[in-house]
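# Examining the three-dimensional arrangement
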2 protein chains.
Amino acid sequence: MAESLKGNAVVGQSGGPTGVINASLVGVIEEVRKHPEIETLYGAVHAVAGMVKDDFIDLGKIDAATLETVAASPSSALGSSRDKPDADYCRKIIEVFKERNVRYFFYIGGNDSANTAHILNTVADETNYNIRAFHVPKTVDNDLLVTDHCPGYGTAAKFVAQALMGDDLDNRALPGVKIDVLMGRHAGFLTAAAALGKQRDDDGPHLIYVPERPVSMDKFLADVEAAYKKYNRCVIAVSEGMCDHDHKTWAEKLAENEERDAHGNIQLSGTGALADFLAGQIKGKLKIKRVRADTFGYLQRSYAGLQSKVDVDEARRCGRQAVKYAMEFDSGSVAIKRTGDGAAYAAELFRTELKNVAEKTKSMPDEFINADGNGVTDAYVQYAMPLVGGLPKTEYLGTYPKV
Amino acid sequence: MAESLKGNAVVGQSGGPTGVINASLVGVIEEVRKHPEIETLYGAVHAVAGMVKDDFIDLGKIDAATLETVAASPSSALGSSRDKPDADYCRKIIEVFKERNVRYFFYIGGNDSANTAHILNTVADETNYNIRAFHVPKTVDNDLLVTDHCPGYGTAAKFVAQALMGDDLDNRALPGVKIDVLMGRHAGFLTAAAALGKQRDDDGPHLIYVPERPVSMDKFLADVEAAYKKYNRCVIAVSEGMCDHDHKTWAEKLAENEERDAHGNIQLSGTGALADFLAGQIKGKLKIKRVRADTFGYLQRSYAGLQSKVDVDEARRCGRQAVKYAMEFDSGSVAIKRTGDGAAYAAELFRTELKNVAEKTKSMPDEFINADGNGVTDAYVQYAMPLVGGLPKTEYLGTYPKV
């Protein structure tokens, strides 16, 4: 256990926004107020990009009602950044931190953010500057190691599940093939959430494709043809990271636009090209007339007025817990352990080392994907269902017995 | 006033689904149960396409709890059709109706549905078959004549407003240009709803384009450049029906796929081509690096678990009212008259002739669009805001004063 450390703190939000990353921020803010060791809590505007430029706001002056509005707001209330700091970048941040006597660092983000906290902590150690660096997990992709699941996933999964419920009913009303392209570059968790709203045996999505299981275009088209024959319609959920057996994504093969972000990732979101390509394949090769394709895009991560209660509560707890851990430990990442399931769902938090979360990512385990590689299993549904915090019931009358 | 008429009734749902068309259906069902003149209420499966095939279910046997689930479910619970019946088609329907002694016809849909009801009524008259034909309005486009607004619009507008609220906060967090392509072939009402969630002076969308105001690509790019310069970011809402001064839509000019539906309409929804094209223009000609584009697609009309309370209540009232009118009149369409505004919003229903609603469509009035043709006015916001039944409050901290 570390000694008591007096000084100021910085909190930042990194990477892609989520529906509950602001709840984690509010968790940090409200817990800091309980600890006199921390005098001022600075909010870094646009994450590390703001830290190097000394761009901070004072989070001590925000009233409780505003904090509740922040916690309920999607996206990153402090602004975000896609910068991926190296040791030199972090040395500049440490210089700024020394000027402001910052001794606590809370960084809400994905695996890159855990890595940033790790580098920052290491660099500070080199100059004998004592700082406590903590990572608070968030992703819509649910791809962090160690933790059972990530804050942000449940809310994004709820958005996707409700979208597919509506879309499947729409497809019943006006039958045809409907393709929905969902977020998830390497991990299929968010695409898998398309299955969570299924209530009737013949509800869609009838096919779900995740990046963990490469599939050829021939196999894809054969699946669609079979499902269309069986149901006289077909709803398909496809991950934006869907790839062929050579592990190249379909989007990559298509992309004329080779724009990459600072992390070396190709841009998959914010374009309808994959969806339109797949629709064209189905129309052209299967001769099905009514084929529609939607790409859900950013709505999945930043939709206002829709949060999973379980998710938003856990996100806030993770923020609070990071501050509590910082009173005792030098560094760490907050992780979630599931302690109850189904209707008795419960979770507790624990600390893991930053290096356990940094840089690496998690994929869907095999037991969550069906043998055919075109759907999810009951094990997945049992895993994910408690995280969305309930889904509406729907009714379709068109399949009732004719009179 | 018409004499009392005993017999059975048929109800159907036509055209594109909405979030509350099932509430109108439930309104018809529950009101019919109060009127002994109507013995059996048949639900036509897939609208007129089911009527000619004699595909009906018995709506008298559905319990009250299931009806509430139906009313809360998006899409068309009876199934829909894009068929546009002519007199011959309607004569076949009348033959089926005679077999089943159907004397009441309730058709929930847009202007094409009002026209179908009108033709059906006329054809029945020709053969001296007494039938009462009523139209219950629904569209997400809000483009029906006579009525102040259409059931279905408020819920779709709520979805769009909350999407743009989240998207604008996302764009604040990771600045760039964001384009959202929204539904609305000829009427810009749904695209205009993008403005309803604006809470801060510099909130997006910063530019809104509706089909009522043709705009050249040069003007569009100049607008984007100016907004980007002013805000260091730019969120743009574009109707899928956006057109140039020659009144050809941008999508039409682009569309390689010339698929048209039975009404002669070109397919605009279900493709990301327009959004991707506009993003390419901005990247190429304005040299802005981070440009993203989403096409909202069918989520706008069939999202589960999200309804405007005002809208769903009015949709149900319209269904009930159609049945009440059918006890007194030969035919008609239910319309809404606004009798109070703002916090005192209220509406009452009235009957109009089918021919007043059939075939024609309404556009956004001039006073709802700004002089520059790239935004909406306060008059529009005052018109539309009561219909969405409230929007969440959000908070962004990144613009707070630096310390």
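Residues numbered from 1 in each chain as written. Chains lettered and ligands numbered in written order. Predicted model: local features only at pLDDT ≥ 70, side-chain atom pairs only at ≥ 80, totals over all residues. Heavy atoms only, no water.

As recorded in an unreviewed UniProt entry, chain A goes by Pyrophosphate--fructose 6-phosphate 1-phosphotransferase and comes from Anaerobaca lacustris. Here chain A is described in UniProt, under the heading Catalytic activity (unreviewed entry), as follows: "beta-D-fructose 6-phosphate + diphosphate = beta-D-fructose 1,6-bisphosphate + phosphate + H(+)". (UniProt positions renumbered as here; feature names shortened; annotations may be inferred.)

### Quick word on the domain arrangement of chain A
Residues and elements named next belong to chain A. Under the domain assignment used here, chain A contains domain 1 (7-140 + 305-357) and domain 2 (155-300 + 364-388). Counting from both sides, the interface comprises 16 residues of domain 1 and, opposite them, 15 residues of domain 2. For the pair domain 1 and domain 2, the summed buried surface comes to about 1300 Å²; carbon and sulfur atoms form 58% of the total. Considering only the surface of domain 1 that becomes buried against domain 2, Val140, Leu306 and Arg338 emerge as the three largest contributors, covering 41% of it. (Domains from an automatic or database assignment. Contact = heavy atoms within 4.5 Å. Buried area = accessible area lost by both parts, 1.4 Å probe.)

### Points about the interface of chain A and chain B
In this complex, chain A contributes 80 residues to the contact, which on the side of chain B involves 80 residues. With both sides pooled, the region where chain A packs onto chain B buries about 6000 Å², and carbon together with sulfur makes up 56% of that total. For chain A, the biggest contributors to the area lost against chain B are A:Tyr298, A:Leu397 and A:Val403; these three give 11% of the whole. One can count four salt bridges joining chain A with chain B. In this structure, B:Arg301 and A:Asp170 form a salt bridge, with 2.7 Å as the shortest nitrogen-oxygen distance. Between chain A and chain B we count 38 residue pairs in polar contact (both at pLDDT 80 or more) in total. It is helix α6 (residues 153-173) of chain A that provides the largest number of residues to the side of chain A that touches chain B, a total of 11 residues. Considered class by class, the residues forming the side of chain A that touches chain B number 34 nonpolar, 25 polar and 21 charged. (Salt bridge = Lys/Arg side-chain N within 4 Å of Asp/Glu carboxyl O. Polar contact = N/O pair within 3.5 Å; in protein donor to acceptor, adjacent residues only side chain to side chain. Helix = DSSP H or I, 4+ residues; strand = E, 2+ residues; numbered from the N terminus. Nonpolar A, V, L, I, M, F, W, Y, C, P; charged D, E, K, R; others polar.)

### Some remarks on the pairing of strand β8 (residues 234-239) of chain A
All names here are of chain A. Of all six residues making up β8, six are buried, and the element is well covered by its neighbours. Across the two faces of β8 the burial is the same, with Cys234, Ile236 and Val238 and Val235, Ala237 and Ser239 all buried. Both strand β6 (residues 177-182) and β8 contribute to a ladder of six bridges, which runs parallel. Bridge pairing in β8 links Leu182 to Ser239. (Buried < 20%, exposed > 50% of the residue type's maximum accessible area, 1.4 Å probe, protein only. Pairing = 2+ DSSP bridges.)

### Examining the sheet that holds strand β5 (residues 132-137) of chain B
All names here are of chain B. With mixed pairing, the seven strands of this open sheet are ordered in space as β3-β2-β1-β4-β5-β10-β11. Each edge of the sheet is formed by a strand with only one pairing partner; in this case those strands are β3 (56-58) and β11 (346-352). Between one strand and the next, the sheet's axes are offset by a mean angle of 30 degrees, whatever the strand orientation. When β5 meets strand β10 (residues 331-340), the two strands line up parallel, connected through three bridges. Counted as the bridge partner of Ala133 is Ser331 from β10. (Axes fitted to C-alpha atoms, helices over the stretch in contact; angles between N-to-C directions.)

### Quick look at empty space enclosed by the protein
On inspection of all chains with the given rule, the structure shows nine cavities of 30 Å³ or more. Volume-wise, the largest cavity comes out at about 70 Å³. Lining of the largest cavity is provided by 14 residues; of these, A:Thr271, A:Gly272, A:Thr295, B:Gly272 and B:Thr295 occupy positions nearest its centre. Going through the elements one at a time, α10 (273-286) and β9 (291-295) of chain A together with α10 (273-286) and β9 (291-295) of chain B are the ones with two or more residues in the lining of the largest cavity. Across the lining of the largest cavity, the residue classes break down as four nonpolar, six polar and four charged. (1 Å grid on protein atoms, 1.4 Å probe; cavity = no way out; pocket = protein on both sides within 12 Å on 5 of 7 lines; lining within 4 Å. Points joined across faces, edges and corners; volume = space filled by probe spheres on them.)

### Concerning the pattern of salt bridges
What the rule picks out here adds up to 54 salt bridges over all chains. Two residues, B:Asp366 and B:Arg213, come together in a salt bridge whose shortest N-O distance is 3.7 Å. Of this pair, B:Asp366 sits in the loop between α12 (354-357) and α13 (378-388) while B:Arg213 is found in the loop between β7 (207-209) and α8 (217-231), placing the two residues 153 residues apart along the sequence. The exposure class of B:Arg213 is partly exposed, given its relative accessible area of 23%. If you follow the salt bridges from partner to partner, you end up with A:Asp168, A:Arg172, A:Arg200, A:Asp202, A:Asp203 and A:Arg233 in one network.

### Considering the relation of the copies chain A and chain B
Between chain A and chain B, the superposition needs a rotation of 180 degrees and an axial shift of 0.0 Å, giving an RMSD of 0.0 Å. Each copy turns onto its partner about a two-fold axis. When C-alpha positions in chain A are compared against the rotation axis, the closest is assigned to A:Gly272, at 2.2 Å. Residue by residue, 100% of the interface of chain A is reproduced at the interface of chain B, so both copies engage with the same surface. (Least-squares fit on C-alpha atoms with pLDDT ≥ 70 in both.)

### Focus on the environment of A:Gly398
Mapped onto the secondary structure, A:Gly398 falls in the segment after α13 (378-388). Considered as a pair, A:Gly398 and A:Gln162 are 236 residues apart in the sequence and their alpha carbons are 20 Å apart. In this structure, A:Gly398 is in contact with B:Val45, B:Ala77 and B:Leu78, ignoring residues within four places of it in sequence.

### Focus: the packing of helix α1 (residues 21-32) of chain A against helix α3 (residues 64-72) of chain A
Residues and elements named next belong to chain A. Following both chains from N to C, one finds α1 and α3 inclined at 145 degrees, their axes separated by 6 Å at the closest point. Here α1 runs over α3; the crossing is left-handed. Residues Asn22, Ala23, Leu25, Val26 and Ile29 of α1 touch α3, and the partners they reach there are Leu67, Val70 and Ala71. Along the lines of polarity and charge, the residues of the contact of α1 with α3 split into seven nonpolar, one polar and no charged. (Left-handed = near helix turned anticlockwise from the far one by under 90°.)

### Focus: the side chain of B:Thr66
As for its placement among the helices and strands, B:Thr66 is situated in helix α3 (residues 64-72). Apart from the residues within four sequence positions on either side, B:Thr66 is in contact with A:Glu395 and A:Tyr400.

### Thoughts on the confidence of the model for chain A
Where the model shows low pLDDT, its predicted coordinates should not be examined in detail. This prediction gives chain A a mean pLDDT of 94; 95% of its residues lie at or above 70. This stretch, residues 256-266 of chain A, has a pLDDT under 50; its non-local contacts, to residues over four places away or in other chains, come to 24 contacts. (pLDDT = per-residue confidence, 0-100.)

### A few points about the sheet that holds β6(A)
Residue and element names in this part refer to chain A. With parallel pairing, four strands are arranged side by side in an open sheet as β7-β8-β6-β9. Two strands in the sheet have a free side with no partner beyond their single neighbour: β7 (207-209) and β9. Strand-to-strand twist across the sheet, computed as the mean angle between neighbouring axes with direction ignored, equals 15 degrees. Of the strands in this sheet, β6, β7 and β8 are in contact with helix α8 (residues 217-231), which crosses β8 at around 150 degrees. Across the sheet, α10 is in contact with β6, β8 and β9; its angle to β9 comes to roughly 165 degrees.

### Focus on the packing of helix α1 (residues 21-32) of chain B against helix α11 (residues 309-326) of chain B
Axes are the key here: two packed helices are described by the angle between their axes and the distance separating the axes. Residue and element names in this part refer to chain B. Close contact between α1 and α11 brings their axes to 7 Å; oriented N to C, the two are set at 40 degrees. In this view, α1 runs oblique relative to α11, as classed from their interaxial angle. Two packed elements cross with a definite hand, and for α1 against α11 that hand is right-handed. Contact residues: Ala23, Ser24, Val26, Gly27, Val28, Glu30, Glu31 and Val32 in α1; Val312, Ala315, Arg316, Gly319, Arg320, Val323 and Lys324 in α11. Residues of the contact of α1 with α11, tallied by class, amount to seven nonpolar, three polar and five charged. (Parallel < 35°, antiparallel > 145°, perpendicular 65-115°, else oblique.)

### Digging into α10(A)
Turn by turn, an α-helix covers 3.6 residues, leaving residues three or four places apart pointing in a common direction. The end-to-end C-alpha separation of α10(A) is 19 Å, in line with the 20 Å expected for 14 residues at 1.5 Å each. Residue A:Lys287 follows α10(A) closely and has a positive phi angle near 55 degrees. (Expected span 1.5 Å × (residues − 1).)

### Details of the UniProt feature "active site" (unreviewed entry) in chain A
Residue and element names in this part refer to chain A. In this structure's numbering, the residues bearing the UniProt feature "active site" (unreviewed entry) are Asp141. By the secondary structure assignment, Asp141 is in the loop between β5 (132-137) and α6. Since its relative accessible area comes to 22%, Asp141 is described here as partly exposed. Residues within four places of Asp141 in sequence aside, it is in contact with Met183, Gly184, Ala187 and Phe189.

### Considering the UniProt feature "binding site: substrate" (unreviewed entry) in chain A
Under the UniProt annotation, "binding site: substrate" (unreviewed entry) lies at A:Thr139, A:Val140, A:Asp141, A:Met183, A:Gly184, A:Arg185, A:Glu240, A:Tyr298, A:Leu299, A:Gln300 and A:Arg301. The topology assignment puts A:Gly184 in the loop between β6 and α7 (189-192). A:Gly184 sits in the buried class, given a relative accessible area of 0%. Apart from the residues lying within four places of it in its own chain, the contact partners of A:Gly184 are A:Asp141, A:Pro211, A:Ser239, A:Glu240 and A:Gly241. The topology assignment puts A:Leu299 in the loop between β9 and α11 (309-326). By relative accessible area, which is 4% here, A:Leu299 ends up buried. Once residues within four sequence positions are removed from consideration, A:Leu299 is found in contact with A:Phe159, B:Phe159, B:Ala163, B:Asp294, B:Phe296 and B:Leu299.

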